[in-house]
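What follows is each chain in one-letter form.
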Amino acid sequence: MTATFEQTVDLARRSVADIRYPVVKTYTLDPIWVLYDRVLRIDPAHPDDPGRDRFLLSKGHGPSAYYAVLAAKGFFPADWLDGIASAGSRLGAHPDATLVPGAEISSGSLGHGLPLAVGTALGLRASGFTDARVFVLVGDAELDEGSNHEAIQYAGATGLSNLDVIVVDNGSGTIGWPGGIASRFAVNGWSTAEVAAADHDALHRSYTAPHPDRPHVTVASAVADPH
């Protein structure tokens, strides 16, 4: 299946599985869509290619946007979305990497995705896959988890240039201050960009900005235009 962004929004509405998240929030869909549509080197016909780029969804407790993009890009049939979280469905309320084609990790327990992305990026670098990039999407409140701070420190100190983090900022974090997310990464040696979550061109520019000696973070704000 090949779908437009507007069609993918409609697909996401078919895959809302959790009563805690009854409405599709495009501030998560926009960053994932731009990645799969314009950046990631991954072929749904060969999802296990060892040299592929990786996308890890750490914010796995509301996967409707992720499932919609995977369906839109042909990783599985769109009609799977209609039975989400039902008995026998491969699409659960949290993604299961053993069941969902294209899913790199099982997620939903917040705080795990960024450390896993660091390990994945290190493994690719050690294995000689120097062109393979690792992207991980986290929520702003998820950065309250201490494991994320350790991962941020380590990635910056080791110059993990094949790692990109996307922080979807909807103002739900309880630690920190408005506009302070990027500075938390910068002080640990990361390159940073702050963009509006709905600005596809700005997202693309950040995802493709060179950062040859350090990891990079894109803070995608759904609170207000950061500029």
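Let's shift gears to the packing of aromatic side chains. Counted according to the given criterion, the structure contains 7 aromatic pairs. Arranged with centres 4.9 Å apart and planes meeting at 80 degrees, the rings of Phe-185 and Trp-190 form a pair that is edge-to-face.

Turning our eyes to something else, we now look at the confidence of the model for the protein. Detailed reading of predicted coordinates is not advised where the pLDDT is low. Mean pLDDT over the protein: 90, with 91% of residues reaching 70 or higher. Helix α1 (residues 5–13) is the least confidently modelled element of the protein, averaging 91 in pLDDT, while helix α7 (residues 200–208) averages 98, the highest of any element.

A separate point is helix α5 (residues 146–157). Its 12 residues give α5 an end-to-end C-alpha distance of 17 Å, which sits within 8% of 16 Å, the value for a rise of 1.5 Å per residue. Residues Asn-148, Ala-151, Ile-152, Ala-155 and Gly-156 constitute the buried set of α5. Looking straight down α5, one finds that the buried residues subtend no more than 125 degrees of arc, so they occupy a single side. Seen from the buried face of α5, the exposed residues on the opposite side, beyond 90 degrees, are Glu-150 and Ala-157. Looking one or two residues past α5, Gly-159 carries a phi angle of roughly 60 degrees, positive in sign.

Before going further, it helps to examine the pattern of salt bridges. For the coordinates displayed, the defined rule picks out 8 salt bridges. The partner of Asp-10 in a salt bridge is Arg-13, with the nearest N and O atoms 2.7 Å apart. Note that Asp-10 and Arg-13 are positioned in helix α1 at a spacing of 3 residues, about one turn of the helix. Arg-13 gets classed as exposed once you look at its relative accessible area, which sits at 55%.

Here we come to the pairing of strand β3 (residues 163–169). Judged by how many residues are buried, β3 sits mostly within the fold: 7 of 7 residues are covered. Covered by surrounding structure in β3 are Leu-163, Val-165, Val-167 and Asp-169 together with Asp-164, Ile-166 and Val-168, the residues of both alternating faces. Sheet analysis places strand β2 (residues 134–139) next to β3, joined by 6 bridges and oriented parallel. Bridge pairing in β3 places Leu-137 opposite Ile-166. Taken together, β2, α5 and β3 form a β-α-β motif whose crossover is right-handed. Strand direction decides the pairing type here: β3 and strand β5 (residues 216–221), joined by 6 bridges, are parallel. Residue pairing across strands places Ile-166 opposite Thr-218, the latter belonging to β5.

What counts, and at which threshold
Residues numbered from 1 in each chain as written. Predicted model: local features only at pLDDT ≥ 70, side-chain atom pairs only at ≥ 80, totals over all residues. Heavy atoms only, no water. Phe/Tyr/Trp six-rings, centres within 6.5 Å; stacked < 30°, edge-to-face > 60°. pLDDT = per-residue confidence, 0-100. Helix = DSSP H or I, 4+ residues; strand = E, 2+ residues; numbered from the N terminus. Expected span 1.5 Å × (residues − 1). Buried < 20%, exposed > 50% of the residue type's maximum accessible area, 1.4 Å probe, protein only. Arc of directions from axis to C-beta. Salt bridge = Lys/Arg side-chain N within 4 Å of Asp/Glu carboxyl O. Pairing = 2+ DSSP bridges. Right-handed = clockwise from strand over helix to strand, strands pointing away.

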